[in-house]
Amino acid sequence: MQATRLIHLSGATVSLVLEPNTDGAPVWRYFGAPAGSDGSLSVSGLADAWPAAGAQPLPPTMLENDPPLTLLPTHGLGWFNQPALAGSRAADGGDLDWAHDFRPDDVQWDEHTLRVELSDDVAGLGMTVVYSVEPESGVVSAWAELDNRADTPFRLDWLAAACVPLAPGMDRVLGFSGKWTLEFQENRETLGVATWRRDNRRGRTSHDSFPGVIAGSTLGDDDGTALGAHLGWSGNHTILIEPLADGRRQLQIGEWLAPGEVVLARGERYRTPTAYLAFSARGLNALSASFHQFVRQHVLAWPGGRMAPRPVHLNTWEAVYCKHDPDDLMSLATSAAEVGVERFVLDDGWFHRRDSDRAALGDWWPDARKYPHGLAPLIEHVRTLGMQFGLWVEPEMVSPDSDLYRAHPDWAMHLEGRPLVTGRHQLVLDLANRDVEDYLFDALDTLLRGHSIDYLKWDMNRDLATAGHRGRAAYRRQTDACYRLLARLRAAHPALEIESCASGGGRADYGMLAHMHRVWTSDSNDALTRIGIQRGFLRFFPPEVMGAHIGPAVSHTTGRRHDMAFRAAVAVPGHLGLEMDVRMLDPDERAELVRWIGLFKTWRDVAHSGTLRQGEAGASLAWLQIAAPDRSAALIAIYRRREDTDRYIAPMPVKGLDPMRRYRVQILHMPTAPHYAKPSGLLATLAERGLVLSGATLGDLGVPVPPLPPESAVVIGCTEALD
Ligand code: GLA
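Along each chain, numbering runs from 1 in the same order as the chain's sequence is written. Only residues with pLDDT of 70 or above have their local features reported here, since the model is predicted, and side-chain atom pairs are shown and tallied only from 80 upward, although totals for entire chains, interfaces and linings are computed over all residues. Derived side-chain values reflect all non-hydrogen atoms in the structure, with water molecules and hydrogen atoms excluded from consideration.

**Side note on the packing of aromatic side chains**
Pairing of aromatic rings covers Phe, Tyr and the six-membered ring of Trp, with a centre-to-centre limit of 6.5 Å; geometry is then stacked below 30 degrees between planes, edge-to-face above 60, and tilted otherwise. For the structure on display, the rule yields 23 aromatic pairs. Ring plane angle 45 degrees and centroid distance 4.4 Å describe the contact between Phe-351 and Trp-364, whose orientation is recorded as tilted. One end of the pair, Phe-351, is in the loop between β21 (343–346) and α5 (376–384); the other, Trp-364, is in the loop between β21 and α5, with 13 residues separating them in the sequence. We call a residue buried when its accessible area falls under 20% of the maximum for its residue type, exposed when it is over 50%, and partly exposed in between, using a 1.4 Å probe and counting protein chains only. Assessed through its relative accessible area of 0%, Phe-351 is described here as buried. Ring pairing ties together the aromatic residues Phe-176, Phe-184, Phe-210, Tyr-276, Phe-291, Phe-294, Tyr-510, Phe-537, Phe-540 and Phe-541, which thus form one cluster. Sitting over a ring, as applied to charges here, requires NZ of Lys or CZ of Arg to be within 6 Å of the ring centre and within 35 degrees of the ring normal. Lying across the ring of Trp-143, Arg-271 places its NZ or CZ 3.5 Å from the centre. Helix and strand assignments follow DSSP, with helices taken as H or I runs no shorter than four residues and strands as E runs no shorter than two, numbered in order from the N terminus.

Here's what the structure looks like:
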């Protein structure tokens, strides 16, 4: 038998193997651990592969041509599963060209990238499909592009950005759900015979359906296979996992399209957003490490090309809400600088007649009643204190009670004859209208030119409904226009950093992260709630983009009370900020806050460049560790969520350090609840002086963990002992 020449793309953590196919798109043979690694495909097996066609005897009742799973399975000629493409052409009496059959025109590949050009001459369609493996992280970027080559319009209903196989046995799924103040909640489900599917039609990335999923065998933190998929897109999405007849499953991810949203005239093209895929043979933490590495090197675009140390924020929202008084804010800024804050962010309430969320969005100039001399005196005060200045804006929105709306009621997204749907008393501007885009660019550009502003907190506080542009659904246009506006602003103000906020974490995705530098992870600053929110967020995003604030003692969103240490220990691994009125602290709390900010500054380089591992011990303990890239240090935080019957907490093995090197291990914080025994022996030494241990001991035996009362944390640092 003549060996089949296979297409093999590879990166550090993944191999993709496909079989060229003269009848259609390349056929999936393998998506998994790098060929040649333990338990994966052998390289020699690849070299003399048997062909996919005819490998399985055709069972009774099947069509004689049972199409295999390709990069682009299409409906109509025998593929009865979810097709990667759905669409048709309107014709008299009913739609045509709904059954598709693409033939390859050109298939090019090298070690890392596969590019396939196909055409369906009967339907008058062309298609490009690209899969590209980033070699170091192993993250695969995939997209597809359809073009209409016939004279009549083609209405597109679905085009998968990626369509990949899951090996038999990968029958667990980790998906994400959520709501305001409870984003990135992990849901583990077992896949069955029905299709698993999530759609987002809210027009923004959404709180309740993060555009990412992980499918795997055990979904263990450090064991089992796992395939992660994420759509880098800030609009709608669909993710589905469907069982196939041969025991595998297919995973498709792409943009959910409203009816008629994409209709291609002759020569027009639709390119999907990019899907990002990663594979791990060692559980969820290794998967996250791939995504983090990729985001750091290929998604984030820092001013000047490099991330500066993440400055400690003070965000004014929960301190003053919309009650702005420049003298009061200056005094808040002075106190913030004294405790070590490095960036003062003026939240909502500063612009023309903005006294509550009922009015003023769109009127982006300082409120002359509150700021008779404009923002300049406050900004200058902040600068004199040595801090950067940030400003809150919500450009995509308009309040019906605003000068902008009164002047341009037609600028809000709407559908003729349909009511305007408000959310938080506001409407969405139709960014696909160039006049709107130009107005917003000018308004923001004027603010940025006229003031010394380093940072924008860019908010987006409602879902899109009646998302119409000239009668057509315009979710996609809106998202594209938002990216365009951001790109224009970044080009005009290259030193600017921007935060993505959408009532907290409602717009967290790699599409936004290509334009922005931080995500406001959640409006919940309740440390207990935050543990779960951050855990989900960190699956796909590195800690340096995770906005994490120490809130007030009593959470404004849950009413729960936590001590400073627990609040700080949960926030410290992320991009730290304060969401409180620091002037209200008593001297002890203030001194404690200063210590935590100091701890953050000491450890931020490690936390924001290192390799993260997360885990849980039962339902009551959660932990994370971040090891420096050069293995010279590690930061460990262990959180007790609730009471448990365990009397001792097992020592925590510290991974990612060098077994041959020696480390000073120091407890940086441990709780001092009155009924818990004072540490003695080894724990006392660890807390008081620290102890030098080898990386091997730390990796195998771990560090002892003190008893932890509910809703408390211990933080431990390991630094290389060079003496
Ligand atoms: C949203 C944000 C908050 C705050 C308010 C201001 O809710 O998520 O952080 O900025 O808007 O109105």
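**Things to note about the packing of helix α10 (residues 527–540) against helix α11 (residues 564–571)**
Running from N to C, α10 and α11 cross one another at 15 degrees; their axes reach a closest spacing of 9 Å. As summarised for this structure, α10 and α11 are arranged roughly parallel, according to the angle between their axes. Between α10 and α11 lies a crossing whose hand is left-handed. Where α10 abuts α11, its residues Ala-527, Leu-528, Arg-530, Ile-531 and Gln-534 lie against Phe-566, Arg-567 and Val-570. For this classification, the nonpolar set comprises Ala, Val, Leu, Ile, Met, Phe, Trp, Tyr, Cys and Pro, the charged set comprises Asp, Glu, Lys and Arg, and every other residue, Gly included, is treated as polar. For the contact of α10 with α11, the residue count by class is five nonpolar, one polar and two charged. Between N-to-C directions, angles span 0 to 180 degrees; the directions come from axes that are lines fitted to C-alpha atoms, helices contributing only their stretch in contact. Under this scheme an angle from 65 to 115 degrees is roughly perpendicular, one under 35 degrees roughly parallel, and one over 145 degrees roughly antiparallel; angles in between are oblique. Handedness of a crossing follows from how the near helix is turned relative to the far one, being left-handed for an anticlockwise turn of less than a right angle and right-handed for a clockwise one. By the convention used here, residues are in contact when the closest approach between their heavy atoms is within 4.5 Å.

**Quick word on the environment of His-324**
Structurally, the position occupied by His-324 is in the loop between α3 (317–320) and α4 (326–339). Remark: the alpha-carbon pair of His-324 and Arg-354, spanning 30 residues in sequence, is separated by 9.7 Å.

**Regarding the site of the ligand**
Whether a residue is near a molecule or strand depends on its heavy atoms: if one lies within 4 Å, it is near. The immediate surroundings of the ligand are formed by 13 residues, with Asp-347, Asp-348, Arg-424, Lys-457 and Asp-523 found nearest. Here a polar contact means two N or O atoms within 3.5 Å. Within protein one must be a hydrogen donor candidate and the other an acceptor candidate, and residues neighboring in sequence count only if both atoms are side-chain atoms. The side chain of Arg-424 places a nitrogen or oxygen atom 2.9 Å from an oxygen atom of the ligand. In this structure, an oxygen atom belonging to the ligand sits 3.0 Å away from a side-chain N or O atom of Asp-459. To measure how exposed things are, a 1.4 Å probe is used in the Shrake-Rupley method; for residues, cover is taken only from the protein chains shown. For the ligand, whose unbound accessible area comes to 310 Å², protein coverage reaches 96%. Across the shell around the ligand, the residue classes break down as four nonpolar, three polar and six charged.

**Some points on unusual backbone geometry**
If you check the backbone angles, Thr-181 has positive phi at about 65 degrees while not being a glycine. One can find Thr-181 in the loop between β10 (172–179) and β11 (182–190). Even without a glycine there, the phi angle at Arg-631 is positive, about 60 degrees. Mapped onto the elements, Arg-631 comes out in the loop between β33 (621–627) and β34 (633–640).

Interpretation in functional terms is not warranted from these geometric data alone.
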